[in-house]
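Here's the letter readout for the chains.
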Amino acid sequence: MQAPELCYVNIGLDDFDALRYGCTTHLATYILNELLKSFGNNILLLDYPNLVRLNPSIPWKTRGNGAIAIRLGVPCEYISDLQILMQMLEDLVERYIDIFLNEFDVRTSDFEPGLVIARHPLPTDLVWLYKKALTDIVVLDQNFVSKLVRWGFTISQRYGKRGIIGATAAIMWMYRDCDYTFELLTYRSKKMYGKRRCIDEESVKVFDSLTKEESFNNYDYKERRVLIIPRGPDPILYGVRGESPDGVKKALNIIRVCEPVAAWTVFRSNQATDDHAVYRVVRELNPYKTCRIRGIITSKPVIVRGGTIIVKIFDSTSDILLAFFKPAQLFNIASSLEIGDYVEVQGHVKLWNNLQVVHVEKIVVLNASRAYKCKAPKCPRCGNKMVKKGFGKGYKCESCNTVVFNPVLECMKVIRNVNIALSLPPPHSQKHLVKPIERYGREKYAYKYEMLPVVNATKVLEPLEFL
Ligand SMILES: [Zn+2]
């Protein structure tokens, strides 16, 4: 029998995180497994589900700001009318929210969910959207919505709030062929929600050493800390990040947990890629823009409230303040900066009492300025040590009043204790998008799309305990 012709659709989801105990990746796992039940082997994935992190500095977003895109191949007859698929998805989402509402008494007042569907090929007119939503602010207005409709997007009427920006941006990530990583997320069983996570620390170290070249940020040996478990009340048990689906899936056999794993899903993601760190000049900066800038330090480091260090940086267009927060590393390097150092920083812009400040997440000193220390000259008449009288006023001998304007000085280069290597905060305080040191040199530049069975990307192991 000939296989039916497949048509391709993209489903975008964003901002379902505000449900306590819920999160968008968990919802995506639920949806995928329900679609698999309905369509059976008639559906295939065009890619692992995408977990697309967007602008981390947007004030109304939770810390993660992650949206989801699911790319499916389905027999064309199923999607001749996208409204039917939309109806099906809305029913699934509603059921998901209902269960959480009834069983866990969550609030849903402040969430702004978005659910959209788009056919292939995606409109090239929207290529800019992912990058803009990653590095800046996209305004949701009627104009934007009517554009989406004109370009063939189907927007959910029930879940058509601000999240449609993230949902659409996640779908459009497909057009940005650049670095990516994978994350395996495992989910807890319902009865464990809110309880302490139980995971064997030694097995995390074993996983880390067995996958050294292909995973990252599993364990912090310096602080003896497991990095793969979230601290919040969300349904995630643990998440491991790496370079390939097979690499991260190894965790399922190696990491030992003392509670049931109800389900797992492998996501392809822009996490840990620095994709948000776009080069800008200082004059281009605005609040909530992410950036990477190069410039010269023009002020001494000053410590302000809470121990944050502030310095000023200047490029050929303008100057701006940089803020370095604790913990350590970045803080140490910031305090050793000198006027004249040429640095590159990445971060995002915030407003402090109407003043723009770059919150720095990474710094590299490209060229440390030279510092000199000069000995005071001796008086040519009596041999006493002379004293500097201020700028342009030369040196004066206090015992015979001789003044010399341009003495020959004996100067020494000061050895500066400045670290010119790249500096990042410790792993547990790195944001999702920040590329960790281990990933330098592992960057990938294109993804090869291949059809894969849904069960290669996600599995519900304990249906009664999953939802
Ligand atoms: Zn003298």
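Treat the numbers as computed from the prediction; the structure is a model and nothing was measured.

### Re the UniProt feature "domain: TiaS C-terminal zinc ribbon" (unreviewed entry) in the protein
Argument step 1. As annotated by UniProt and renumbered to match this structure, "domain: TiaS C-terminal zinc ribbon" (unreviewed entry) occupies residues 377-405.
Argument step 2. Here residues 377-405 runs as 0% helix and 28% strand, with 11 Å between its end C-alpha atoms.

### Some points on the environment of leucine 422
Argument step 1. Topologically, leucine 422 is positioned in the loop between strand S23 (411-414) and strand S24 (458-460).
Argument step 2. Leucine 422 gets classed as partly exposed once you look at its relative accessible area, which sits at 26%.
Argument step 3. In this structure, the C-alpha to C-alpha distance between leucine 422 and valine 345, residues 77 residues apart in sequence, is 9.6 Å.
Argument step 4. Non-local contacts of leucine 422, meaning those with residues more than four positions away in its chain, are made with Lys362, Ile363, Val364, Ile437 and Tyr440.

### Considering the coordination of the zinc ion
Argument step 1. Around the zinc ion, the protein contributes the donor atoms Cys379 (SG), Cys382 (SG), Cys397 (SG) and Cys400 (SG), which lie 2.1 to 2.4 Å from the metal centre.
Argument step 2. Around the zinc ion, the four donor atoms are arranged such that angles at the metal cover 100 to 124°; this shape is classified as tetrahedral.
Argument step 3. Ordering the donors of the zinc ion by residue number gives the pattern C-x2-C-x14-C-x2-C. Here the residue cysteine 382 occupies a position in the loop between strand S19 (371-374) and strand S20 (386-388), and cysteine 397 occupies one in strand S21 (residues 395-397), the gap between them amounting to 15 residues.
Argument step 4. Residue cysteine 382 is classed as partly exposed on the basis of its relative accessible area, which comes to 41%.
Argument step 5. Given a relative accessible area of 0%, cysteine 397 falls into the buried group.

### A word on the sheet that holds S20
Argument step 1. Ordered by their spatial adjacency, three strands build an open sheet running S20-S21-S22, and the pairing between neighbours is antiparallel. Either end of the sheet is taken by a strand with one partner, and the two such strands are S20 and strand S22 (403-404).
Argument step 2. Bridge analysis of S21 against S22 gives two bridges, and the strand direction is antiparallel. When the bridges of S22 are listed, lysine 396 appears paired with valine 403.

### Observations regarding a nonpolar patch on the surface
Argument step 1. A cluster of nonpolar residues, Ile296, Tyr342 and Leu366, forms a patch on the protein surface that exposes about 230 Å² of accessible area.
Argument step 2. Within the secondary structure, isoleucine 296 is located in strand S13 (residues 290-297).
Argument step 3. Taking the relative accessible area as the measure of exposure, isoleucine 296 reaches 36% and is therefore partly exposed.

### Some words on helix H6 (residues 201-210)
Argument step 1. Those residues of H6 lying buried are Ser203, Val204, Phe207 and Asp208. Buried residues in H6, looked at end-on, bunch into an arc of 145°, giving them a common side.

### Remarks on helix H3 (residues 128-135)
Argument step 1. Every buried residue of H3 is accounted for by Leu129, Tyr130, Ala133, Leu134 and Thr135.
Argument step 2. Where the residues of H3 are buried, they touch strand S3 (50-53), helix H4 (142-150), helix H5 (163-172) and S13.

### Regarding the state of the cysteines
One way to say it: the disulfide is the covalent bond shared by the sulfur atoms of two cysteines.
Argument step 1. Scanning the model with the defined rule gives three disulfides in all.
Argument step 2. At a sulfur-sulfur separation of 2.0 Å, the disulfide partner of cysteine 7 is cysteine 76. When the S-S torsion is 95°, as for the bridge of cysteine 7 with cysteine 76, the disulfide is right-handed. One end of the pair, cysteine 7, is in strand S1 (residues 6-14); the other, cysteine 76, is in the loop between strand S4 (66-75) and helix H2 (82-104), and 69 residues separate them in sequence.

### Some details on the nonpolar core
Argument step 1. Residues Leu35, Leu72, Tyr238, Val240 and Ile255 are the most contacted members of the largest nonpolar core, which totals 96 residues.
Argument step 2. Sorting elements by how many residues they give to this core places H2 first, with ten residues.
Argument step 3. When sequence neighbours within four positions are dropped, the list of residues in contact with leucine 35 reads Ile11, Gly40, Ile43, Leu72, Met88, Leu89 and Leu92.
Argument step 4. One finds Val311, Leu330, Val343 and Ile363 within the second-largest nonpolar core, a separate group that totals 24 residues.

### A short note on the pattern of salt bridges
Argument step 1. Under the criterion given, the structure shown has 27 salt bridges.
Argument step 2. Arginine 439 is the salt-bridge partner of aspartate 179, the closest N and O atoms lying 2.9 Å from each other. Highlighted residues: aspartate 179 in the loop between H5 and strand S7 (181-188) and arginine 439 in the loop between S23 and S24, separated in sequence by 260 residues.
Argument step 3. Of the residues examined, aspartate 179 reaches a relative accessible area of 8% and is grouped as buried.
Argument step 4. Judged by relative accessible area, arginine 439 falls into the buried class, the value being 0%.
Argument step 5. As a salt-bridge pair, lysine 205 and glutamate 202 come within 3.3 Å of each other at their nearest N and O atoms.

Thresholds applied
- Residues numbered from 1 in each chain as written.
- Predicted model: local features only at pLDDT ≥ 70, side-chain atom pairs only at ≥ 80, totals over all residues.
- Heavy atoms only, no water.
- UniProt positions renumbered as here; feature names shortened; annotations may be inferred.
- Helix = DSSP H or I, 4+ residues; strand = E, 2+ residues; numbered from the N terminus.
- Buried < 20%, exposed > 50% of the residue type's maximum accessible area, 1.4 Å probe, protein only.
- Contact = heavy atoms within 4.5 Å.
- Donors = N, O, S within 2.8 Å, 3.2 Å for Na, K, Ca; no water.
- Tetrahedral: all angles 85-135°; square planar, octahedral: opposite > 155°, others 65-115°.
- Pairing = 2+ DSSP bridges.
- Patch = residues over 30% accessible without salt bridge, like charges linked within 9 Å, V, L, I, M, F, W, Y side chains within 5 Å.
- Areas by Shrake-Rupley, 256 points an atom, 1.4 Å probe, with all protein chains shown as cover.
- Salt bridge = Lys/Arg side-chain N within 4 Å of Asp/Glu carboxyl O.
- Arc of directions from axis to C-beta.
- Disulfide = S-S within 2.5 Å.
- Core = buried A, V, L, I, M, F, W, Y, C linked by side-chain atoms within 4.5 Å.

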